[in-house]
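# Coordinates in review
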Amino acid sequence: MNAEQFSENGRKMVEYIRTYLEEIRERKVVHDVVPGYMQELLPSEAPMEPEDFSEIFKDIDNIIMPGVTHWHSPRFHGYFAAGNSYPSILGDMLSDAIGCIGFSWATSPACTELEVITTDWLGSMIGLPEDFLHRSPGRGGGVIQTTASETVLLCLLAARTRAVEKYRQIYSHLDEMEIMSKLVGYTSDQSNSSVGRSGLLGAVRMRKLEADTNFCLTGEILRAAMAEDKAKGLIPFFLCATLGTTGTCAFDKLDELGPICKENDMWLHIDAAYAGSAFVCPEFRHFMKGVEFADTFSINPHKWMLVNFDLSVMWIKDSSLLVDAFNVDPIYLRHENAGKGAPDYRHWQIPLGRRFRSLKLWFMLRSYGITGVQAYIRKHVSLAKEFEQLVLADSRFEVVADVVMGLVCFRLKGSNSLTEQLLQEILKDGRIYLIPAIVHNVYTLRLAICAERTNSDDIAFSFAVIKTCADAIMKDSKTPESTRQAITQQTRYVGLD
Ligand SMILES: *Cc1c(COP(=O)(O)O)cnc(C)c1O
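Procedures and definitions
Residues numbered from 1 in each chain as written. Predicted model: local features only at pLDDT ≥ 70, side-chain atom pairs only at ≥ 80, totals over all residues. Heavy atoms only, no water. Helix = DSSP H or I, 4+ residues; strand = E, 2+ residues; numbered from the N terminus. Buried < 20%, exposed > 50% of the residue type's maximum accessible area, 1.4 Å probe, protein only. Contact = heavy atoms within 4.5 Å. Areas by Shrake-Rupley, 256 points an atom, 1.4 Å probe, with all protein chains shown as cover. Lys, Arg positive; Asp, Glu negative; His and termini not counted. Charge placed at Lys NZ, Arg CZ, Asp CG, Glu CD. Salt bridge = Lys/Arg side-chain N within 4 Å of Asp/Glu carboxyl O. 1 Å grid on protein atoms, 1.4 Å probe; cavity = no way out; pocket = protein on both sides within 12 Å on 5 of 7 lines; lining within 4 Å. Points joined across faces, edges and corners; volume = space filled by probe spheres on them. Nonpolar A, V, L, I, M, F, W, Y, C, P; charged D, E, K, R; others polar. Domains from an automatic or database assignment. Buried area = accessible area lost by both parts, 1.4 Å probe. Polar contact = N/O pair within 3.5 Å; in protein donor to acceptor, adjacent residues only side chain to side chain. Pairing = 2+ DSSP bridges. Axes fitted to C-alpha atoms, helices over the stretch in contact; angles between N-to-C directions. Parallel < 35°, antiparallel > 145°, perpendicular 65-115°, else oblique. Left-handed = near helix turned anticlockwise from the far one by under 90°. Near = heavy atom within 4 Å. Sits in = over half its atoms within 2 Å of the grid points. pLDDT = per-residue confidence, 0-100. Core = buried A, V, L, I, M, F, W, Y, C linked by side-chain atoms within 4.5 Å.

### Regarding the overall build of the protein
- Tallying secondary structure elements over the protein gives 15 helices and 11 strands in all.
- Taken over the C-alpha atoms alone, the protein extends approximately 70 × 65 × 45 Å along its principal axes.
- Within the protein, the fraction of its 497 residues that count as buried is 52%.
- The contacts in the protein between residues at least 6 apart in sequence include a share of 74% that link residues at least 24 apart.
- Surface summary for the protein: the accessible area is close to 22,800 Å², and the carbon and sulfur share equals 54%.
- For the protein, the centre of its 51 positive side-chain charges and the centre of its 63 negative side-chain charges are spaced 3 Å apart.

Here's what the structure looks like:
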């Protein structure tokens, strides 16, 4: 493709993207394809001779789109919002063109410096204490990671290193491995599955504590577990608290958990992957009470802040705990400006290479402004409230958890199998998409407000579909419960995680 053709095809692609996003509502939100569908449509080897881009372009509609789930459709209510916006897409285009691998300041100073500035902007926007920011006198600062799950692993590994070093001084008869085998980390049974997985990857015990009846982890629950473990000779070293759990968007009691972590010199990581974006609105910041006790804090602008995947931000109060824990410094990576106020971000993450991700964040923040982001969050929250009202107005339904952000957890009153059957019916209908969660043995449906352009009519539409599906299964309610259970056990559903 020469430069001329790039311009022409580029314009065509931008138009295609624009039409795709503007008319996405008209598309069926979930695909109809079966596994392996694409093998029938594509040859088994790459083409020997070059093909014209117009041929490739045609196959977007013929081959790709039939197998796409339209995450940015207002009819898509699965998981959590996935961020997207025109400025963010443009930012990624430029990042692709620059194509630097910004592992140190010297490899492209703009890549590091824009990240320092935008993570400070963002931290300040959501009300993080100053000592998490680069501009503070200490060793704090933000860094862009690929995902919140990678951040959890990184923090756990840094916490493990810190604990092993400390306890080797205290228990001088134990070696590193023996100390590691005594460490125990905590999280709630409502935290993201990636937290448990980090424990496995990091080869340390990770206890999932049963959250209270509001699905929150409290100080009392943590204290009881720690007392048990200490009595067994274990060493508590890490807590991953969640602000906005994946299942029901519950908030752990940070103001109770924080002081316990401090007293016991435990690393406190706060996973606010989804709900953290809402703290740009001061009215939600009460959920962050106790954040000053945290060592690390993370949010996903690629979830609920208009930036397309992948862009997850982590802040740390003392970056030397990362840099010293994982520092290898071969000569080919050194440069003479190292350590002069511009971080070498390779020490702050697991991979070596890194993309120029801050461009898309910068484009988005400047295009929307803080007020634009606030308006977007508030609109989603108010749409969730509208949906909640529709659910509550139909006496067959109940709402399972407080609706505070853009998520509503609801179910049909009665047995779990009834709601499972409702979901089967909704997925069969195919006009909208949602997924279930099982929280403390209660089967619930999650309706997340996801698309930027979702409006009240979309919410009314989604509820109308749900109602029709409920009518359909209730009509069959003469079917005995035992038969219904047998039916739903045979059908598979797509769950969280
Ligand atoms: C979505 C989610 C994650 C995982 O986010 P990734 O960036 O995809 O790793 C982690 N924690 C919570 C609370 C989430 O909602």
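### Looking at the pattern of salt bridges
- Counted under the stated rule, the structure contains 30 salt bridges.
- For Arg-135, the salt bridge is made with Glu-130, and the minimal N-O distance between the two is 2.8 Å.
- Relative accessible area serves as the criterion here: at 45%, Arg-135 is assigned to the partly exposed category.
- Assessed through its relative accessible area of 42%, Glu-130 is described here as partly exposed.
- Residue Glu-263 pairs with Arg-223 through a salt bridge whose shortest N-O separation is 3.4 Å. Of this pair, Glu-263 sits in helix H9 (residues 254-263) while Arg-223 is found in helix H8 (residues 219-231), placing the two residues 40 residues apart along the sequence.
- Owing to a relative accessible area of 55%, Glu-263 belongs among the exposed residues under this scheme.
- Put simply, Asp-92, Asp-96, Asp-310, Arg-355, Arg-357 and Lys-360 are held in one network by salt bridges that share partners.

### Some words on the environment of Ala-97
- Structurally, the position occupied by Ala-97 is in helix H3 (residues 86-98).
- A relative accessible area of 65% means that Ala-97 is categorised as exposed.
- For the pair Ala-97 and Val-30, spaced 67 residues apart in sequence, the C-alpha separation works out to 32 Å.

### So, the layout of surface pockets
- Put simply, the largest pocket is a space of about 940 Å³.
- Among the elements of the structure, helix H1 (3-22), helix H2 (53-64), helix H5 (148-170), helix H7 (193-201) and helix H10 (301-304) are those that each provide at least two residues to the lining of the largest pocket.
- For the lining of the largest pocket, the element with the most residues is H1, which contributes five residues.
- The residue makeup of the lining of the largest pocket, split by class, is 20 nonpolar, 16 polar and three charged.
- Each of domain 1 (3-68) and domain 2 (100-355) gives at least three residues to the lining of the largest pocket.

### Section: the domain arrangement of the protein
- Along its sequence, the protein is carved into domain 1 (3-68), domain 2 (100-355) and domain 3 (378-491).
- Computed from C-alpha atoms alone, the centre-to-centre distance between domain 1 and domain 3 is 33 Å.
- Every contact between the two is made by six residues of domain 1 and, on the other side, seven residues of domain 3.
- At the boundary of domain 1 with domain 3, total buried surface from both sides reaches about 510 Å², with 47% on carbon and sulfur atoms.
- For domain 1, the biggest contributors to the area lost against domain 3 are Arg-25, Val-29 and Val-30; these three give 70% of the whole.
- Linking domain 1 with domain 3 are two salt bridges, by the criterion used here.
- Among the ionic pairs, Glu-22 bridges to Arg-453, the shortest N-O distance being 3.2 Å.
- At the junction of domain 1 and domain 3, the tally comes to three residue pairs in polar contact (both at pLDDT 80 or more).
- A breakdown of the residues in the side of domain 1 that touches domain 3 according to their chemical character gives three nonpolar, no polar and three charged.

### Observations regarding the pairing of strand S11 (residues 442-448)
- Among the seven residues that make up S11, six are buried, leaving the element largely enclosed by the rest of the structure.
- As paired elements, strand S9 (residues 407-412) and S11 share four bridges and run antiparallel to each other. Residue pairing for S11: Leu-407 is matched across the bridge by Ala-448.
- The sheet contact formed by strand S10 (residues 435-439) and S11 spans five bridges and is antiparallel. Within S11, the residue paired with Ile-438 across the bridge is Tyr-443.
- Linkage of S10 to S11, two consecutive antiparallel strands, is achieved through a turn of two residues, within which His-440 is found at a positive phi near 45 degrees.

### What to know about the packing of H5 against H7
- Axis separation between H5 and H7 bottoms out at 9 Å; the angle between their running directions is 40 degrees. Judged by the angle between their axes, H5 and H7 are oblique. Crossing hand, H5 versus H7: right-handed. Of the residues in H7, those touching H5 at Ser-149, Val-152, Leu-153 and Leu-156 are Ser-194, Val-195, Ser-198, Gly-199 and Leu-201.
- Split into classes, the residues belonging to the contact of H5 with H7 amount to five nonpolar, four polar and no charged.

### Topic: the site of the ligand
- Taken together, 13 residues lie near the ligand, and Ala-148, Ser-149, Asp-271, Asn-300 and Lys-303 sit nearest.
- Separating an oxygen atom of the ligand from a side-chain N or O atom of Ser-149 is a distance of 2.4 Å.
- Taking Asp-271, its side chain carries an N or O atom lying 2.6 Å from a nitrogen atom of the ligand.
- According to the grid-proximity analysis, the pocket containing the ligand is the largest pocket.
- Listing elements by their share of the shell around the ligand, those giving two or more residues are H5 and H10.
- The class makeup of the residues in the shell around the ligand is three nonpolar, eight polar and two charged.

### Some remarks on the confidence of the model for the protein
- For the protein, per-residue confidence averages 92 on the pLDDT scale, and 93% of positions sit at 70 or higher.
- Across residues 486-495 the pLDDT falls below 50, and counting only partners more than four positions away or on other chains, this stretch makes 16 contacts in the model.

### Here we look at the nonpolar core
- Leu-239, Phe-297, Trp-315, Ile-377 and Met-405 are the most contacted members of the largest nonpolar core, which has 67 residues in total.
- The biggest single contributor to this core is helix H12 (residues 358-392), with seven residues.
- Two domains share this core, each providing at least three of its residues, namely domain 2 (100-355) and domain 3 (378-491).
- Ignoring sequence-local partners within four residues, the contact set of Phe-297 consists of Ile-126, Leu-128, Leu-243, His-269, Ile-270, Ala-272, Phe-279, Met-288, Val-291, Val-313, Met-314 and Trp-315.
- Core analysis: the next-biggest nonpolar cluster, separate from the first, contains 31 residues, Ala-158, Ile-179, Cys-240 and Trp-348 among them.

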